[in-house]
Amino acid sequence: MRRILLILFSVLCIQASAQESKDKGVSPLSASLELTSKYMWRGIEYGTSPVIFPSVNFSKGGINVFALGGYATNGSHQEVDLGVGYTYKTIFVGLADYYYPSAVGEKDGYFRWSGRETGHYIEAYTTITPERFPVWLTASTYIFGADKKNNGKNAYSSYVELGYHYDFNNDNKLNLILGVALNKSFYTNYEKGFSVVNMALKYSTMFKLGSFRLPVSASYIVNPYKEKSYVSLSVYLNS
């Protein structure tokens, strides 16, 4: 608990410093930090304690490149993600590499790319965000890596998500999310095909104290396939 409070205090201090330097201009290079009480991704739980996400992003001319890490405060989860994407009007296409040091065996290594032994998961995905409607649609498929069926062949785990957002004002937003697994995939432990795996309600707002601003969000997530529900609270720091 003391470690979590120390991390949160550090986030608050750094965010206050970042607020003071925002007027210096916009750079294509940025960094961010997120602390979440429960790491949930597409209805799947990762780690058994709060998780910290440091990231570095580069965005220019529609191109976005990122590096992101995820580290549970009790060591139950580690993650290293790299990605590149391009936005054209309302369409974003991207390619991401997910790697989990805490999940792979001792014989695996970060630079091992053999299809039968690699611990990497390579995903191709696209997101459409219409200008006139407050919705988005994301479709993704794992195209290479450790995403394997029991017979050792690529599972091509595929996921589709439909989201809706309602903006109360600049500081308050409500998101509704429905996500489904399209085939026998890691979302369903490779046991079942089409399944609803992610239903979420997320409220985002801004913690204010004088000129200080800290983005926070609270989420309620249900995974109908696994018959589980979760609540997660997150705070964010952006440079």
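Quick caveat: nothing in here was measured; it's all calculated off a predicted structure. (Residues numbered from 1 in each chain as written. Predicted model: local features only at pLDDT ≥ 70, side-chain atom pairs only at ≥ 80, totals over all residues. Heavy atoms only, no water.)

Visitor: Explain the pattern of salt bridges to me, please; I cannot follow it from the model alone.
Guide: Charged atoms that come close allow side chains of opposite charge to pair. In this structure the tally under the stated criterion is 4 salt bridges. Across the pair Glu-45 and Lys-38 runs a salt bridge whose closest N-O atoms are separated by 2.5 Å. Between Lys-208 and Asp-171 there is a salt bridge, with its nearest N and O atoms 2.8 Å apart. Of this pair, Lys-208 sits in strand β12 (residues 195-209) while Asp-171 sits in the loop between β10 (158-169) and β11 (172-181), and the two are 37 residues apart along the sequence. Residue Lys-208 is classed as partly exposed on the basis of its relative accessible area of 45%. Judged by relative accessible area, which is 23%, Asp-171 ranks as partly exposed. (Salt bridge = Lys/Arg side-chain N within 4 Å of Asp/Glu carboxyl O. Helix = DSSP H or I, 4+ residues; strand = E, 2+ residues; numbered from the N terminus. Buried < 20%, exposed > 50% of the residue type's maximum accessible area, 1.4 Å probe, protein only.)

Visitor: Explain the pairing of strand β5 (residues 63-72) here, please?
Guide: Look at any regular strand and the pattern is simple: side chains alternate between the two faces of the sheet. In this sheet, β5 lies alongside strand β4 (residues 51-60) in antiparallel orientation, the contact comprising 8 bridges. Considered in β5, the bridge of Val-51 is made with Ala-72. Between β4 and β5, which pair antiparallel and follow one another directly, the connecting turn spans 2 residues, one of which, Gly-61, has a positive phi of 60 degrees. Pairing between β5 and strand β6 (residues 78-88): 9 bridges, direction antiparallel. In the sheet register, Leu-68 faces β6, and the bridge partner there is Asp-81. Counting the residues that bridge the hairpin from β5 to β6 gives 5 residues, and of these Gly-75 lies at a positive phi of roughly 80 degrees. (Pairing = 2+ DSSP bridges.)

Visitor: Mind showing me how you'd approach the sheet that holds β5 here?
Guide: By way of backbone hydrogen bonds, the strands of a sheet pair with one another, either parallel or antiparallel. If you trace the 12 strands once around the closed barrel, you get β1-β4-β5-β6-β7-β8-β9-β10-β11-β12-β13-β14, paired in antiparallel fashion. Adjacent strand axes in the sheet meet at a mean angle of 20 degrees, parallel and antiparallel pairs treated alike. By the bridge criterion, 9 bridges tie β11 to β12 in an arrangement that is antiparallel. Across the sheet, Gly-179 pairs through a bridge with Asn-198, a residue of β12. (Axes fitted to C-alpha atoms, helices over the stretch in contact; angles between N-to-C directions.)

Visitor: Any chance you could explain the pairing of β6 here in plain terms?
Guide: Sheet analysis places β6 next to strand β7 (residues 91-99), joined by 9 bridges and oriented antiparallel. Bridging from a neighbouring strand, Tyr-86 pairs with Val-93 of β7. Where β6 folds back onto β7 in an antiparallel hairpin, the turn is made up of 2 residues, including Lys-89, whose phi is positive at roughly 55 degrees.

Visitor: I would appreciate a short explanation of the packing of aromatic side chains in the present structure.
Guide: For any two aromatic rings, the description comes down to two numbers: the centre-to-centre distance and the angle of the planes. Inspection of every chain in the model, using the stated rule, returns 17 aromatic pairs. Three or more aromatic residues link up through ring pairs in this structure, and these residues are Tyr-39, Trp-41, Tyr-46, Phe-53, Tyr-98, Tyr-100, Tyr-121, Tyr-142, Tyr-159, Phe-186 and Tyr-187. (Phe/Tyr/Trp six-rings, centres within 6.5 Å; stacked < 30°, edge-to-face > 60°.)

Visitor: Would you take a moment to explain the environment of Thr-126 for this structure?
Guide: In this structure, Thr-126 sits in strand β8 (residues 120-128). Its relative accessible area of 24% is what places Thr-126 among the partly exposed residues. For Thr-126 and Gly-85, which are 41 residues apart along the polypeptide, the C-alpha to C-alpha distance reads 9.0 Å. Look past the residues within four positions of Thr-126 in its chain and what remains in contact with it is Ile-91, Phe-92, Val-93, Leu-137, Thr-138 and Ala-139. One polar contact links the side chain of Thr-126 to the main-chain carbonyl oxygen of Phe-92, over a distance of 2.8 Å. (Contact = heavy atoms within 4.5 Å. Polar contact = N/O pair within 3.5 Å; in protein donor to acceptor, adjacent residues only side chain to side chain.)

Visitor: Got a minute to help me understand the nonpolar core in this structure?
Guide: One broad rule of soluble globular proteins: the nonpolar side chains tend to lie buried together. One finds Tyr-39, Trp-41, Tyr-46, Tyr-98, Tyr-142, Phe-186 and Tyr-187 to be the most contacted residues of the largest nonpolar core, which totals 19 residues. When contributions to this core are tallied by element, the ones reaching two or more residues are β2 (39-41), β3 (44-46), β4, β5 and β7. It is β7 that provides the largest number of residues to this core, a total of 3 residues. Apart from the residues within four sequence positions on either side, Tyr-46 is in contact with Tyr-39, Trp-41, Val-51, His-77, Tyr-100 and Phe-186. (Core = buried A, V, L, I, M, F, W, Y, C linked by side-chain atoms within 4.5 Å.)

Visitor: Is there a simple way to explain the side chain of Ser-219 in this structure?
Guide: Along the polypeptide, Ser-219 turns up in strand β13 (residues 212-223). Leaving out residues up to four positions away in the same chain, Ser-219 has contacts with Leu-201, Lys-202, Tyr-230, Val-231 and Ser-232.

Visitor: Is there a simple way to think about the side chain of Ser-234 in this case?
Guide: Inspection of the secondary structure puts Ser-234 in strand β14 (residues 228-238). Judged by relative accessible area, which is 5%, Ser-234 ranks as buried. A polar atom in the side chain of Ser-234 sits 2.9 Å from the side chain of Thr-36. When residues no more than four places from it in sequence are discounted, the contact partners of Ser-234 are Glu-34, Leu-35, Thr-36, Pro-215, Val-216 and Ser-217.

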